[in-house]
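Read off the chains here:
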Amino acid sequence: MTPGLLLDLLLAAALPVVAVVAVVARDLRRAAVVLVSLGLLVALSFIRLDAPDIALAEAAIGAGLTGVLFLDAAGRFGPAGSSRRTGRLRAGAVGALAAAFATAVALAAASLPRDAEGLGPAVARALPGAAAEHPVTAVLLDLRGWDTLLEIAVLLVAVLGVWAAAGRDVRAPGEVPVPILAGAVRVLFPVAVLASGLLLWAGAKAPGGAFQAGVVLGGGGILLALAGMRRPWARRPALVRGALALGLAVFLLAGAAGPVAGRRLLEYPADHAGLLLFTIEAALTVSIAFVVDAVFDRTPLVGAAAAPRVGRREERP
Amino acid sequence: VTRSAPDLFAAAGVLLVLVGLLGFVLRRRLVQRILALNVLSSGVFVLFVALARRGPGPDAVPHAMVLTGIVVAVSATALALALARRVAAETGREDLPDADGEDGA
């Protein structure tokens, strides 16, 4: 057995075990921490499966941002809640149905042809004419740009939903300023900005891109909020609205310019494609960073009197 | 990488789907259900990427789709958690009553 295969075996065996621990844990804080470790194991699995782009995204988003959201929720909901139990009969029936479903998924996956080429060769053929050298970036922003355009729209809708649901339950301003945390954040925030720029820049040729970059940048904003430090944009609703809409607006304009200039929708001019794509990605990065910041902060923007901070944080149990 | 590695991860992905599905139905607290949904979606992503690796080379199209999926999953999680907070703020509960009105406490 080669070391690589051994690593694969360990990872593949660890994934379901860690998942069970995350789902079974009664203490939400514990469940959130285990979910983060699951995300990191999944990211490692993606590296083993030759998918470094997704590994980066999973580490930043699946493990990082999702973990932050659940840890935050654990603070709100407390360690253990009233838990009604599902009846034994019902649990058995649900278990049988779920097992049947998983078996069907496994059979479907196993029935796929083993040596199918997939869409890899088609992407390789399209790559010379595409606006980015890196296959995943080319697929995301050029070959299948439609998906990504709608994706940034989904993010905007999610922010609107979070604001609408937040009501008065918004984040209290800088709760307990911890000097060590503030000191660390003073170092970490510039690093986040730098790393984000690097991920964005690298995306055209190597693993990376707007989504990873945006989440890392937004993570910097979350760090500032956690350390109770001033976020310069917190009281500027016009700025935040503009930044949130920037990615979708630039993407739409670039896409709509195609038909105006006699090309197809979302088709970029061949001579400026690289620059145009980078502009779109940079705009997406800014918007995604503000989406991340907004879904964590949850404070709706209310006209000029932005961030009124009326919400009393509910007592922690 | 040897031939069998993608199959190992595909099997792990299916198991994650199973664990997530069970957790989503059997757990009662909304936050735990949302967490189980995240486990389920991780399983789908792992399965998808493992299948994309079975061919001659990694396939960029499933990779891009999973990347999109990860981003959409986290925004759905943020929205779902905000809704769970609202349910708790309005009703003082961390779960939803059964459809048949029985409280089962």
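Residues numbered from 1 in each chain as written. Chains lettered and ligands numbered in written order. Predicted model: local features only at pLDDT ≥ 70, side-chain atom pairs only at ≥ 80, totals over all residues. Heavy atoms only, no water.

Q: So what exactly am I meant to see when it comes to unusual backbone geometry here?
A: Residue and element names in this part refer to chain A. In this model, D50 sits at a positive phi of 60 degrees, which is unusual for a non-glycine residue. Topologically, D50 is positioned in the loop between helix 2 (28–48) and helix 3 (52–77). Residue D50 is classed as partly exposed on the basis of its relative accessible area, which comes to 30%. (Helix = DSSP H or I, 4+ residues; strand = E, 2+ residues; numbered from the N terminus. Buried < 20%, exposed > 50% of the residue type's maximum accessible area, 1.4 Å probe, protein only.)

Q: Any chance you could explain the packing of aromatic side chains here in plain terms?
A: Any pair of aromatic rings gets described here by the distance separating the centres and the angle formed by the planes. Residues and elements named next belong to chain A. Considering all chains together, one arrives at two aromatic pairs over all chains under this definition. Ring geometry for W201 versus F278: centroids 5.2 Å apart, planes at 80 degrees, classification edge-to-face. Of this pair, W201 sits in helix 8 (residues 179–202) while F278 sits in helix 11 (residues 273–297), placing them 77 residues apart in sequence. In this structure W201 comes out as exposed when scored by relative accessible area, which is 62%. (Phe/Tyr/Trp six-rings, centres within 6.5 Å; stacked < 30°, edge-to-face > 60°.)

Q: Hey, could you run me through the interface of chain B and chain A in this one?
A: How large an interface is tends to be reported as the accessible area lost when its parts come together. Taken residue by residue, the interface counts 77 residues in chain B and 89 residues in chain A. Between chain B and chain A, the buried area comes to about 7100 Å², and carbon and sulfur atoms account for 71% of it. Here D50 of chain A ties to R53 of chain B by a salt bridge, and the two come within 2.6 Å at their closest N and O atoms. The interface formed by chain B and chain A holds eleven residue pairs in polar contact (both at pLDDT 80 or more) in total. Taken together, the elements giving at least two residues each to the side of chain B that touches chain A come down to helix 1 (5–26), helix 2 (30–52) and helix 3 (60–91) of chain B. The dominant element in the side of chain B that touches chain A, judged by the number of residues it contributes, is helix 3 of chain B, at 23 residues. (Contact = heavy atoms within 4.5 Å. Buried area = accessible area lost by both parts, 1.4 Å probe. Salt bridge = Lys/Arg side-chain N within 4 Å of Asp/Glu carboxyl O. Polar contact = N/O pair within 3.5 Å; in protein donor to acceptor, adjacent residues only side chain to side chain.)

Q: What am I meant to see in helix 7 (residues 145–166) of chain A here?
A: Since one α-helical turn is 3.6 residues long, residues separated by three or four positions face the same way. The first and last C-alpha atoms of helix 7 of chain A sit 32 Å apart over 22 residues, in line with the 32 Å expected at 1.5 Å per residue. G167 of chain A occupies a position one or two residues after helix 7 of chain A and carries a positive phi of about 55 degrees. (Expected span 1.5 Å × (residues − 1).)

Q: What is the right way to look at the confidence of the model for chain A in this model?
A: A low pLDDT means the predicted coordinates there should not be read in detail. Looking at chain A, the pLDDT average stands at 85 and 89% of residues meet or exceed 70. Every residue in residues 304–317 of chain A scores below 50 in pLDDT, and together they form 30 contacts with partners more than four places removed in sequence or on other chains. (pLDDT = per-residue confidence, 0-100.)

Q: Hey, could you run me through the pattern of salt bridges in this one?
A: Opposite charge on two side chains makes pairing possible when the charged atoms of those side chains draw close. On inspection of all chains with the given rule, the structure shows twelve salt bridges over all chains. For R264 of chain A, the salt bridge goes to E267 of chain A, with nearest N and O atoms at 3.2 Å. The exposed category is assigned to R264 of chain A, whose relative accessible area is 63%. Residue classification places E267 of chain A among the partly exposed residues on the basis of a relative accessible area of 30%. Because the salt bridges share partners, they merge into one network encompassing D72 and R298 of chain A together with R85 of chain B.

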